[in-house]
Amino acid sequence: MRIGLLAMSGIRAHDPALLALGLTLPGFVERSKQVAALPSLGLLYLAAATPPGHELAYFEASEDRAEPDALYDCDLVAISTFSAQIFEAYSIADRLRAAGVKVALGGLHVSVLPHEAAAHADYVAIGEGEHVWPQIVEAAERGAPRRTFRASDAAPVDVARLPVPRYDLLHDRPYNRFTVQTSRGCPWRCDFCASTVMLSQRYRKRPVEDVLRDVIAIRRLRPSAFLEFADDNTFVDKEWGKELCRALAPLGVKWFTETDISVADDEELLELIASSGCRQLLIGLESPDSSALEGLELRSNFKARRALDYESAIERIQSAGVTVNGCFILGLDRHDTSVFEEVREFVERTQLFEAQITYLTAFPGTPLYTRLEREGRLLEPGRWDLCTLFDVNFQPAQMTPQELRTGFYGLSERLYSSAALERRRASFHDRLRARQRERAALRANSA
Ligand code: B12
């Protein structure tokens, strides 16, 4: 069969005022360019798990009706999508099916709402795709009737046996940023999280030599590639993290990842992260104030506990030479209109190299969604297209939706202006130099 792999690409946001603002703010523009340049790792994993004897091609659609014509020559098309682009994916699927192409849908959103997806697909996949995808290919080949495949009905996916994602399918594309997974899942359970937890609960890390094998495969394709680890929380296991960094260091790659604030607790790890080519750690701080984070992490109140120590933790990480992209969620239940100034002050005080602000977003399948639905606080239930992190679709507890938006616009202007960006960057480098001088002096004294 000829099999097409369709990624819904680009970023989504609908609020016209924010879009107009975003286009003029350097901080937004920079990240949007980077984001637009990442392929779908999920589809590359499916490609690697495809039984032999089929012809594979990777495609992208940046919006509804943007699907390439060549998709219509396929026998089977696998579409991977998150919530924000699900309706676009459904209409592309409907058109493909009307033209006689078999369609399989999977991914985070579809795994949570398989009944919704089933109306638009021949085959629906729930959960991780590596073991169900070969079954879907086989079903399509036989012309088997429509059905849903559950990863939980197959053997569990062993992350110590993952194949190299088929990066080679991207050989003729302009990508210079690639994703690699070093781990799947996260030990914490934040009520808003809609990542791997939607597929499987457990946190699993991969053998370091397999990660290296994947990095080398990317480098073979694109020697100067920048790597983003598509993990939920890379440095949960500090000793394994050190092993990973030691293995990456000789390759001279530049990389970025997401992790939690506890990375600051281990000085040796920080040094290894810095010396192995890490350009930035993205850390979900969520709010500067611990009280706003009470109960948000459901297992052990991790976020509220750690917020007490955010400032010194950020200082430790950044003075090891690793920039922090601190993420803040606006509209948590304890946030009133004072939160915008609070975040601005915090970013200024800590001189976070980068700050990311998003709205509290109720993704389907999350405990947050269930709670806001129960409390009648979803403004337009079922509007999955508003699950962009940049559109408000809930009634905040202590503000009107418009107050939340207005505060967000104002904060965006202050955080992402050229002047603010330059100030933070200069301050990072100044502090780093000062810290390096201090260390050199200490070493000289103790010698
Ligand atoms: C890398 C990344 C991106 C990249 C690449 C996206 C891409 N096309 O894959 C970029 C930067 C472009 C991106 C953009 C966006 N992202 Co993003 N992103 C991530 C990140 C960090 C990792 C995703 C990843 O690669 N996972 C690893 C792969 C292997 O897993 P997977 O895709 O789920 O695939 C597996 C299964 O789902 C399944 N599967 C997937 N598709 C299919 C299809 C079939 C047919 C089958 C059988 C199986 C199957 O099999 C795969 C292998 O097991 C996650 C957060 C996280 N830590 O997980 C957020 C995340 C996925 N992103 C998110 C969001 C909201 C977005 C945006 C909508 C933001 C915006 N405003 O535009 C955009 C979406 C636009 C887009 N083009 O996708 C949310 C999605 C939540 C949700 N449930 O919808 C997440 C979870 C982050 C968050 N803050 O909550 N993102």
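Computed from a predicted model, the values in this text were never measured in an experiment.

As a further point, take the packing of helix α15 (residues 401-416) against helix α16 (residues 418-446). Closest axis-to-axis distance for the α15/α16 pair is 5 Å, and the angle between their directions is 50°. What the angle tells us is that α15 and α16 run oblique. Residues R414, L415 and Y416 of α15 form the contact with α16, whose participating residues are S418, A420, L421 and R424. For the contact of α15 with α16, the residue count by class is four nonpolar, one polar and two charged.

One open sheet holds the six strands; their spatial order is β7-β10-β11-β12-β13-β14, and the pairing between them is parallel. Edge strands, defined here as strands with exactly one partner in the open sheet, are β7 (177-180) and β14 (354-359). Between one strand and the next, the sheet's axes are offset by a mean angle of 20°, whatever the strand orientation.

What follows is about the sheet that holds strand β2 (residues 55-61). One open sheet accounts for six strands, arranged β2-β1-β3-β4-β5-β6; its pairing is parallel. In this open sheet, the two strands that pair with only one neighbour each are β2 and β6 (147-150). When strand polarity is set aside, the average angle formed by the axes of neighbouring strands in this sheet is 20°. Pairing between strand β5 (residues 123-126) and β6: four bridges, direction parallel. Bridging from a neighbouring strand, I126 pairs with R150 of β6. On top of the sheet, helix α3 (residues 41-48) reaches β1 (2-8), β2 and β3 (76-80); it is set at about 165° to β1, its chief contact. Sheet contacts for helix α4 (residues 86-98): β1, β2, β3 and β4 (102-106); angle to β3, the most-contacted strand, approximately 175°.

This brings us to helix α13 (residues 339-350). The end-to-end C-alpha distance of α13 is 16 Å, a good match for the 16 Å that 12 residues give at a rise of 1.5 Å each. Residues of α13 that are buried: V339, F340, V343, R344, F346, V347 and T350. All buried residues of α13 project into a common sector of 160° when viewed along the axis, lining one side. The elements touched by buried residues of α13 are β12 (278-286), α12 (310-319), β13 (323-330), β14, α15 and α16.

What follows concerns the packing of aromatic side chains. Enumeration according to the criterion identifies 11 aromatic pairs in this entry. By way of ring pairs, the aromatic residues Y167, Y175 and F178 are connected into one cluster. We note R147 situated over the ring of F149; from NZ or CZ to the ring centre the distance is 3.9 Å. When the ring centre of Y45 is taken as reference, the NZ or CZ atom of R184 above it lies at 5.2 Å.

The local shell around the ligand holds 44 residues, among which M8, G10, R12, S80 and T388 are the closest. Here an oxygen atom of the ligand sits 2.8 Å away from a polar atom, N or O, in the side chain of E130. At a separation of 2.7 Å, a nitrogen atom of the ligand approaches a polar backbone atom of T388. At the level of elements, α3, β3 and β4 are the ones that each hand at least two residues to the shell around the ligand. Per-class residue counts for the shell around the ligand are 23 nonpolar, 14 polar and seven charged.

On to the nonpolar core. If you look at the biggest cluster of nonpolar residues, it comprises 134 residues, and the most contacted ones within it are I79, W133, W255, I273 and I317. Once residues lying within four places of it in the same chain are set aside, the contact partners of I317 are I261, V263, A264, L270, L281, I283, V322 and V324.

Okay, the pairing of β2 next. The buried count for β2 comes to five of seven residues, which makes it a mostly enclosed element. Where β1 lies against β2, seven bridges are found, and the strand directions are parallel. The residue bridging A7 from the neighbouring strand is E60, located in β2.

Moving on, we come to the pattern of salt bridges. Applying the stated criterion across every chain yields a total of 37 salt bridges. With its nearest N and O atoms 3.2 Å apart, the salt bridge here joins R213 to D214. A salt bridge links R306 to D309; the nearest nitrogen and oxygen atoms lie 3.1 Å apart. Connected via shared salt-bridge partners are D191, D333, R371, E375 and R377.

Moving on, we get to the side chain of R177. Mapped onto the secondary structure, R177 falls in strand β7. Polar contacts involving the side chain of R177 include one to the side chain of E228, which spans 2.4 Å.

On to α4, then. Between the first and last C-alpha of α4 there are 18 Å, a value that for 13 residues agrees with the 18 Å anticipated at 1.5 Å per step. Three or more residues of α4 are buried, namely I86, E88, A89, Y90, S91, I92, A93 and L96. Against the buried residues of α4 lie β1, β2, β3, β4, α5 (108-112) and α6 (114-118). Positive phi shows up at G100, right after α4, with a value of about 90°.

On to the environment of R334. Its location among the elements puts R334 in the loop between β13 and α13. Placed 279 residues apart in sequence, R334 and E55 show a C-alpha to C-alpha distance of 53 Å. Residues within four places of R334 in sequence aside, it is in contact with S291, A292, E294 and Q398. Here S291 takes part through its backbone oxygen, which lies 3.2 Å from a polar atom of the side chain of R334.

What counts, and at which threshold
Residue indices begin from 1 for each chain and proceed along its sequence in written order. Owing to the predicted nature of the model, reporting of local features is limited to residues with pLDDT of at least 70; listing and counting of side-chain atom pairs is limited to 80 or more, with chain, interface and lining totals taken over all residues. Only hydrogens and water are set aside; all other atoms, that is, all heavy atoms of the structure, feed into the side-chain values. Angular values range over 0 to 180 degrees, each being the angle between N-to-C directions of two axes fitted as lines to C-alpha atoms, with helices fitted over their stretch in contact. What counts as a helix is a DSSP run of H or I of at least four residues, what counts as a strand is a run of E of at least two, and both are numbered from the N terminus. By the definition adopted for this analysis, an angle is roughly parallel if under 35 degrees, roughly antiparallel if over 145, roughly perpendicular if from 65 to 115, and oblique otherwise. Residue contacts are defined here by distance: any two heavy atoms, one from each residue, within 4.5 Å place the two residues in contact. Residues are grouped as follows: Ala, Val, Leu, Ile, Met, Phe, Trp, Tyr, Cys and Pro are nonpolar; Asp, Glu, Lys and Arg are charged; every other residue, Gly included, is polar. At least two DSSP bridges between two strands are needed for those strands to be called paired. For a helix, the expected span equals 1.5 Å multiplied by the number of residues minus one. Burial classification: accessible surface area is computed with a 1.4 Å probe over protein chains only, and a residue below 20% of its type maximum counts as buried, one above 50% as exposed, and the rest as partly exposed. Arc definition: it is the arc formed by the directions from the helix axis to the C-beta atoms. Ring geometry is summarised as follows: Phe, Tyr and Trp rings, the Trp one being its six-membered ring, pair when their centres sit within 6.5 Å, and such pairs are stacked at plane angles under 30 degrees, edge-to-face over 60 and tilted between the two. Geometrically, a lysine NZ or arginine CZ counts as sitting over a ring once it is within 6 Å of the ring centre and also within 35 degrees of the ring normal. Think of it this way: one heavy atom of a residue within 4 Å of a molecule or strand is enough to make that residue near it. As used in this structure description, the phrase polar contact means that two N or O atoms lie within 3.5 Å; if the pair is within protein, one of them must be able to donate a hydrogen and the other to accept it, and residues adjacent in sequence are counted only when both atoms belong to side chains. Here, nonpolar core refers to any group of buried Ala, Val, Leu, Ile, Met, Phe, Trp, Tyr and Cys residues whose side-chain atoms link them within 4.5 Å. Basic side-chain nitrogens of Lys or Arg form a salt bridge, by our definition, when they fall within 4 Å of a carboxyl oxygen of Asp or Glu.

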